[in-house]
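Working through the structure, step by step
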Amino acid sequence: EIVRAGFLDSLACLPLLPPGMLRVVDVGSGAGFPALPLKLVRPELSVMLVEASRKKVTFLLHLVRSLGLTGIRVVRARAEAIARDPREGGAYDLGLARAVAAPPAAGGLVRPLLRPGGLFLVQLGADPLPPGDWDRLLAQGFEAVREFPLPPALGRPGCRVVALRRIPTPKL
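Throughout what follows, the structure given in this document is the object of discussion. (Residues numbered from 1 in each chain as written. Predicted model: local features only at pLDDT ≥ 70, side-chain atom pairs only at ≥ 80, totals over all residues. Heavy atoms only, no water.)

1. A look at the pattern of salt bridges
Tallied over the entire structure, the rule returns 8 salt bridges. Between glutamate 88 and arginine 23 there is a salt bridge, with its nearest N and O atoms 3.9 Å apart. Taken together, the positions of glutamate 88 in the loop between α4 (79-84) and β4 (92-96) and arginine 23 in strand β1 (residues 23-27) put the pair 65 residues apart, joining distant regions of the chain. Under the relative-accessibility criterion, glutamate 88 is labelled buried at 8%. Where glutamate 143 meets arginine 165, a salt bridge forms, and the shortest distance between an N and an O atom there is 3.1 Å. Pair noted here: glutamate 143 is in strand β6 (residues 142-149) and arginine 165 is in strand β7 (residues 160-166), with a separation of 22 residues, a long-range link. (Salt bridge = Lys/Arg side-chain N within 4 Å of Asp/Glu carboxyl O. Helix = DSSP H or I, 4+ residues; strand = E, 2+ residues; numbered from the N terminus. Buried < 20%, exposed > 50% of the residue type's maximum accessible area, 1.4 Å probe, protein only.)

Now the structure itself:
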């Protein structure tokens, strides 16, 4: 179950990642999914793991050291605080938030960290997202780019990853 629900679900995001060096932020990193499996496969990624829980941060730091990973920062903070830092707000190419909140709330946490044109990957289950949730994501300044069904071998038909692009905020 850990391999399937953790690693394989995380790696299902790979087809939606643009090529090359990307700055990635994983909000509510927990045990490091999906960012750490993606980093293992794409070592050129520059990753910041954002986690508010001291226990989880300690685990993530241990994991990063044990695996000898470079290009990863583990930050104990709330996403809202990180986004207020002028060096971090609007600085990321890719935002991840798995199981931290419902998609609209997760989008609200990730969006301020993304550069215009940056992607937010949402991992969804088999049930369709309610139209109101889509409306809230789009109202936050996202546009749907691509939906990618997870491979049937993962044993969860209907699960999918959706890439949402942050559109620039119009200047008034």
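2. Points about the sheet that holds β1
On the basis of which strands lie adjacent, the open sheet formed by 7 strands has the order β3-β2-β1-β4-β5-β7-β6 and mixed pairing. On the outer flanks of this sheet lie β3 (72-76) and β6, each paired with one strand and no other. Going across the sheet, the axis of each strand differs from the next one's by a mean of 20 degrees, ignoring polarity. Two strands pair when backbone bridges link them, and β4 and strand β5 (residues 114-124) are joined in this way by 4 bridges, in the parallel orientation. Looking at β5, one finds that leucine 96 is bridged to leucine 121. (Pairing = 2+ DSSP bridges. Axes fitted to C-alpha atoms, helices over the stretch in contact; angles between N-to-C directions.)

3. Concerning the nonpolar core
In globular proteins that are soluble, nonpolar side chains generally tend to be buried together. Leu49, Ile72 and Leu121 are the most contacted members of the largest nonpolar core, which totals 26 residues. Of all the secondary-structure elements, those providing two or more residues to this core are α2 (35-41), β2 (46-51), α3 (54-67), β3, β4, β5 and β7. Among all residues touching leucine 49, those that are not within four sequence positions of it are Asp26, Ser29, Ala35, Leu36, Leu60, Ile72, Arg73, Val74 and Val75. (Core = buried A, V, L, I, M, F, W, Y, C linked by side-chain atoms within 4.5 Å. Contact = heavy atoms within 4.5 Å.)

4. Some details on the pairing of β4
Summarising burial for β4: 5 of the 5 residues are buried, a large majority. A crossover connection joins β4 to the parallel β5 through helix α5 (residues 103-110); in handedness this β-α-β unit is right-handed. (Right-handed = clockwise from strand over helix to strand, strands pointing away.)

5. Regarding the packing of aromatic side chains
Per the stated rule, a full pass over the model turns up 2 aromatic pairs. Here the aromatic rings of phenylalanine 7 and phenylalanine 33 are separated by 5.1 Å at their centres, their planes lie at 90 degrees, and the arrangement is edge-to-face. With a gap of 26 residues between them, phenylalanine 7 in helix α1 (residues 2-11) and phenylalanine 33 in the loop between β1 and α2 connect regions that are remote in the sequence. On the numbers, 5.5 Å between centres and 35 degrees between planes, the contact of phenylalanine 120 with phenylalanine 142 is tilted. Linking phenylalanine 120 in strand β5 with phenylalanine 142 in strand β6, this pair joins segments that are 22 residues apart in sequence. Per residue, the accessibility class of phenylalanine 120 equals that of phenylalanine 142, and both read buried. For arginine 23, the ring lying beneath its charged end belongs to tyrosine 92, and the centroid distance is 4.5 Å. (Phe/Tyr/Trp six-rings, centres within 6.5 Å; stacked < 30°, edge-to-face > 60°. Lys NZ or Arg CZ within 6 Å of the ring centre and 35° of its normal.)

6. A look at unusual backbone geometry
Geometrically, the link from phenylalanine 33 to proline 34 is a cis peptide bond, its omega value of 5 degrees lying close to zero. Relative to the helices and strands, proline 34 is located in the loop between β1 and α2.

7. Some remarks on the environment of lysine 39
Along the polypeptide, lysine 39 turns up in helix α2. Taking C-alpha positions, lysine 39 is 9.5 Å from valine 24, a pair spaced 15 residues apart along the chain. Filtering out sequence-adjacent residues up to four positions away, lysine 39 remains in contact with Leu45, Val47, Thr70, Gly71 and Ile72.

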